[in-house]
2 protein chains.
Amino acid sequence: MKVSIITIGDEILIGQVIDSNSARIGQMIQDLGLRVNFKWTISDERSEILYTLSEAKTKSDIIFITGGLGPTNDDITKSILAEFFQSNLVFSEKNYSHLESLLKPRNIPITESHKSQCFVPEIANLLDNQMGTAMGLHIEQDQKIWFAMPGVPYEMEYIMKHQVLPLLQSKGLEKSSYYRTVHIMGQGETQIASVIEPLLQNKSQSIKIAYLPSLGYVRIRLTVDDNITPEIKKEVDQWIELISEKFGTAVYGFDDTSLPKELSKLISDNNLQIGFAESCTGGYLSHLITLIPGASQYFRGSIIAYSYELKTQLCGVLPNTLVEYGAVSEPTVIEMAKGIAKRLDLDLAISISGIAGPDGGTPEKPVGTVWIAVGNETDVKTKKLKLSKDRQRNIETSAYYAMILAWEWLKEHY
Amino acid sequence: MKVSIITIGDEILIGQVIDSNSARIGQMIQDLGLRVNFKWTISDERSEILYTLSEAKTKSDIIFITGGLGPTNDDITKSILAEFFQSNLVFSEKNYSHLESLLKPRNIPITESHKSQCFVPEIANLLDNQMGTAMGLHIEQDQKIWFAMPGVPYEMEYIMKHQVLPLLQSKGLEKSSYYRTVHIMGQGETQIASVIEPLLQNKSQSIKIAYLPSLGYVRIRLTVDDNITPEIKKEVDQWIELISEKFGTAVYGFDDTSLPKELSKLISDNNLQIGFAESCTGGYLSHLITLIPGASQYFRGSIIAYSYELKTQLCGVLPNTLVEYGAVSEPTVIEMAKGIAKRLDLDLAISISGIAGPDGGTPEKPVGTVWIAVGNETDVKTKKLKLSKDRQRNIETSAYYAMILAWEWLKEHY
């Protein structure tokens, strides 16, 4: 079973929109044992779309199309699909009822451009979309399965979850892919590879190793494509376990997880209350933790202390500490962490202060200098980072290293 | 001039990594008057890569390749490029010196896998990469220009900025694309289209309109591909101006900008001091504002008040207000905004409290109920949102509507 994705839209090509949809589709079909083999992103142009539909048909069994189903003139996917499948474009009463059910309760009048959304290729089944006016399309022809969905991420996701996945599940397709991932923090790709390559030298040829470096962590993935037997799956699982043993406490999780998720689980499992004092990360660490459902059970809150006043008045840093050592210093982050631990009654406090850039550095403290402290009112662990000149990268890296330090501190204390 | 991007990596296809690189490339070549016409994402497999290189050569003049230049065994791009261009893979002293210059100061020993990175196709020029060990490649053959870059975003960006763009600039390529964008907040795509379509009915055929809806705002883009004359550019600019006049204060910016950027500029231009009290958005609004360089000039800080205690003790909400109206209510967000405006001495305070979900709703206050207040110690404006059941979407939408409300409040007061 080969799977392709066609993403339609100039906005993706010129970079006004980042295509998160195809990543999401790739994740969502994993449980069915399917993987994406090929992906095209193309312009809203008839000839390009027709050419790519033919290519996709040649190279794959299941094809996902996103984009171009909306109500405006640049939405041409349906008319092109009708041409490609030599099917008439017909007015769908089902689609019109769908529009009415969505728009009437909100007192939005149905316009001509709304109505134009109701013309669909006769060959297509309509897929319900409770998140928006554009319904999805499902077409089967010549042993190929096609799905067309709107480009708006939460609409695409709704249709995938409620319509496409159950439909594919019901077909009992052969699994064509198996992969496992182990997450390792605080070490570089080359360093990790130098341990893993000799460790896995006797693995079966059909198992591929991939390294996915990110800021502060690396994901190692073992993949088998084709011939998915219970034996090869077991072998993959055993290698993953062996890697995990080898790297010990640097391993924070497996498969489709993340450091924020695993750290949150560790905190929740230990019934701890946490909070942060963030300066240079400006709320990004709090954001990562509060994205996880249920965060209110263990996250009390944070103080984003960008100014001196907030550091002293709310976090309890002594004015003299700021004068003597500066805002970006070990004594300051220690006082920030201990201060909020006391004030907010926390079991775990994290503080971060640094120079995110691009300006604001000095010879002694260049842009990218970041101090982190982690702990409670009496016992704090610190770390100094020397990062880059790039503001966004520094913010993200600091937040990840703060989570790594918190992980280590928790493993020592709980 | 047709431009293609080939992104290599299973991690993108299976959705472990979102491909932000190609969006960035699309943005970066805009100033050269170039646009991306076609993009492939493919597996780390020799036959797929070779097939796609041929396709790209047929369809385009400039081809960008990302991924597969790293030090590990899954990095096979260079050997495949050597095969495709029928060029030998040779050890590059220049690449080795580059490795030494990066690794020696950090006391990292040069390993065999590092050395394997130094084998490059003889036909290629090496492009400096100060962000990592993998150098970029530049190849010209049969009137086609090829660039291969590592998949790590900041490494790719470094090579683009310092090597690729100056090189393309020096070639004086013909401009093949011109586009302008106007950003409109607080209105839906269909609503906006129903105004714009009649307004622009006399535009030249070669100008295409595209609508890019996001959470809380829509970007409208006018594009011309091919035959870029001064007249057609002027016409595009005039239509953009006309749309802008028609939508008045709902327009917050043009071209490559964002609501956080424009709001920050408005705040900075008026010499204001701002801060937030965030509950359900959990720091996301603070993060959006502090991503902008120079934020410390006008952003004092925030209180992420997830718990009752932080709302009362730090934001100054009366305990009785929480008991009587609940944390998600108009009186609470008003007290939060006025409270921090006073406490942090702010000219503009924003407070947000809501039920992000997926759990925690009640019949009276279902998941997706969000209250926002914006103002100063004495004068506050509020808004209630009824959003979705999706946590991340609710967080992002709330932050954007808070910025829209702040924009409106500022336009009324300054």
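Residues numbered from 1 in each chain as written. Chains lettered and ligands numbered in written order. Predicted model: local features only at pLDDT ≥ 70, side-chain atom pairs only at ≥ 80, totals over all residues. Heavy atoms only, no water.

Asks: Mind laying out the relation of the copies chain A and chain B, listing which residues take part and the relevant values?
Replies: You can overlay chain A on chain B at an RMSD of 0.1 Å; the transform is a turn of 180 degrees with a shift of 0.0 Å along its axis. The symmetry that links the two subunits is that of a two-fold axis. Comparing interface residues between copies, 100% of those in chain A also sit at the interface in chain B, which points to an isologous, same-surface contact. (Least-squares fit on C-alpha atoms with pLDDT ≥ 70 in both. Contact = heavy atoms within 4.5 Å.)

Asks: Pulling in residues and values, what's your account of the packing of aromatic side chains?
Replies: All names here are of chain A. Evaluation of the coordinates by the stated rule reveals 24 aromatic pairs over all chains. A centroid spacing of 6.0 Å and a plane angle of 45 degrees characterise the contact between Phe 91 and Tyr 96, whose relative ring orientation is tilted. The partly exposed category is assigned to Phe 91, whose relative accessible area is 32%. Their ring planes at 55 degrees and their centres at 6.4 Å tell us that Trp 409 and Tyr 414 sit as a pair that is tilted. A network of ring pairs unites the aromatic residues Phe 84, Phe 85 and Trp 146 as a single cluster. Sitting over the face of the ring of Phe 38, Lys 59 holds its NZ or CZ atom 4.4 Å from the ring centroid. (Phe/Tyr/Trp six-rings, centres within 6.5 Å; stacked < 30°, edge-to-face > 60°. Buried < 20%, exposed > 50% of the residue type's maximum accessible area, 1.4 Å probe, protein only. Lys NZ or Arg CZ within 6 Å of the ring centre and 35° of its normal.)

Asks: Requested: an account of the domain arrangement of chain A, with residues and values cited.
Replies: All names here are of chain A. Domain boundaries assigned for chain A yield domain 1 (3-170), domain 2 (179-254) and domain 3 (259-413). Here the C-alpha centre of domain 3 lies 31 Å away from the C-alpha centre of domain 2. Carbon and sulfur atoms supply 75% of the area that domain 2 and domain 3 bury against each other, a total of about 830 Å² over both sides. It is Met 185, Leu 215 and Tyr 252 that lose the most area in domain 2 upon contact with domain 3, and together they represent 65% of the buried surface on that side. Summed over the shared surface of domain 2 and domain 3, the number is zero salt bridges. Where domain 2 packs against domain 3, one counts zero residue pairs in polar contact (both at pLDDT 80 or more). When residues in the side of domain 2 that touches domain 3 are grouped by element, the largest group, three residues, is from strand β12 (residues 251-254). When its residues are assigned to classes, the side of domain 2 that touches domain 3 shows five nonpolar, four polar and no charged. (Domains from an automatic or database assignment. Buried area = accessible area lost by both parts, 1.4 Å probe. Salt bridge = Lys/Arg side-chain N within 4 Å of Asp/Glu carboxyl O. Polar contact = N/O pair within 3.5 Å; in protein donor to acceptor, adjacent residues only side chain to side chain. Helix = DSSP H or I, 4+ residues; strand = E, 2+ residues; numbered from the N terminus. Nonpolar A, V, L, I, M, F, W, Y, C, P; charged D, E, K, R; others polar.)

Asks: A description of the packing of helix α3 (residues 46-59) of chain A against helix α3 (residues 46-59) of chain B should follow, citing residues and the corresponding values.
Replies: Remark: α3(A) packs on α3(B), axes separated minimally by 15 Å, with the N-to-C direction vectors making an angle of 160 degrees. When the axis of α3(A) is compared with that of α3(B), the two are roughly antiparallel. Relative to α3(B), the crossing made by α3(A) is right-handed. On α3(B), the residues touching A:Glu48, A:Tyr51, A:Glu55 and A:Lys59 of α3(A) are B:Glu48, B:Tyr51, B:Glu55 and B:Lys59. Class assignment for the residues of the contact of α3(A) with α3(B) results in two nonpolar, no polar and six charged. (Axes fitted to C-alpha atoms, helices over the stretch in contact; angles between N-to-C directions. Parallel < 35°, antiparallel > 145°, perpendicular 65-115°, else oblique. Left-handed = near helix turned anticlockwise from the far one by under 90°.)

Asks: Just give me the short version of the state of the cysteines, but keep the residues and values in it.
Replies: Residues and elements named next belong to chain A. Taken as a whole and assessed by the stated rule, the structure comprises zero disulfides over all chains. Here Cys 280 is not cross-linked by a disulfide; its sulfur's nearest cysteine counterpart is in Cys 315, at 13 Å. For Cys 315, a relative accessible area of 1% corresponds to the buried category. (Disulfide = S-S within 2.5 Å.)

Asks: Which residues make up the sheet that holds strand β1 (residues 3-8) of chain B, and what values do they have?
Replies: On the basis of which strands lie adjacent, the open sheet formed by twelve strands has the order β6(A)-β7(A)-β8(A)-β3(A)-β1(A)-β2(A)-β2(B)-β1(B)-β3(B)-β8(B)-β7(B)-β6(B) and mixed pairing. The strands lining the two open edges of the sheet, one partner per strand, are β6 (125-127) of chain A together with β6 (125-127) of chain B. This sheet shows a mean twist of 20 degrees between the axes of neighbouring strands, independent of strand direction. As paired elements, β1(B) and strand β2 (residues 36-42) of chain B share six bridges and run parallel to each other. Within β2(B), the position partnered with B:Ile8 by the bridge is B:Ile42. Here α3(B) sits on the sheet in contact with β2 (36-42) of chain A together with β1, β2, β3 (62-66), β7 (136-141) and β8 (144-149) of chain B, set at roughly 175 degrees to β2(B). (Pairing = 2+ DSSP bridges.)

Asks: Give me the pattern of salt bridges: which residues, what numbers.
Replies: Opposite charge on two side chains makes pairing possible when the charged atoms of those side chains draw close. This structure, assessed with the given rule, holds 30 salt bridges over all chains. Residue A:Arg24 pairs with A:Glu157 through a salt bridge whose shortest N-O separation is 3.0 Å. Of this pair, A:Arg24 sits in helix α2 (residues 21-28) while A:Glu157 sits in helix α7 (residues 153-170), and the two are 133 residues apart along the sequence. A salt bridge links B:Lys39 to B:Asp19; the nearest nitrogen and oxygen atoms lie 3.0 Å apart. Remark: B:Asp19 occurs in the loop between α1 (10-13) and α2 (21-28) and B:Lys39 occurs in strand β2; sequence separation between them is 20 residues. Neither B:Lys39 nor B:Asp19 differs from the other in exposure class; each is buried. Taken together, the salt bridges that share partners define one network made up of A:Asp10, B:Arg35, B:Lys208 and B:Asp225.

Asks: So what about the interface of chain A and chain B? Which residues, and what values?
Replies: Accessible area lost on assembly of the parts is the figure often given for the size of an interface. Listed per partner, the contact involves 86 residues of chain A and 86 residues of chain B. Roughly 7100 Å² of surface becomes buried between chain A and chain B when both sides are summed, with 56% attributable to carbon and sulfur atoms. When residues of chain A are sorted by the area they lose upon contact with chain B, A:Ile14, A:Gln16 and A:Tyr306 head the list and together hold 9% of the total. Counting across the chain A and chain B interface gives six salt bridges. In this structure, B:Asp10 and A:Arg35 form a salt bridge, with 3.2 Å as the shortest nitrogen-oxygen distance. Linking chain A with chain B are 34 residue pairs in polar contact (both at pLDDT 80 or more), by the criterion used here. Of the residues belonging to the side of chain A that touches chain B, the class tally is 36 nonpolar, 29 polar and 21 charged.

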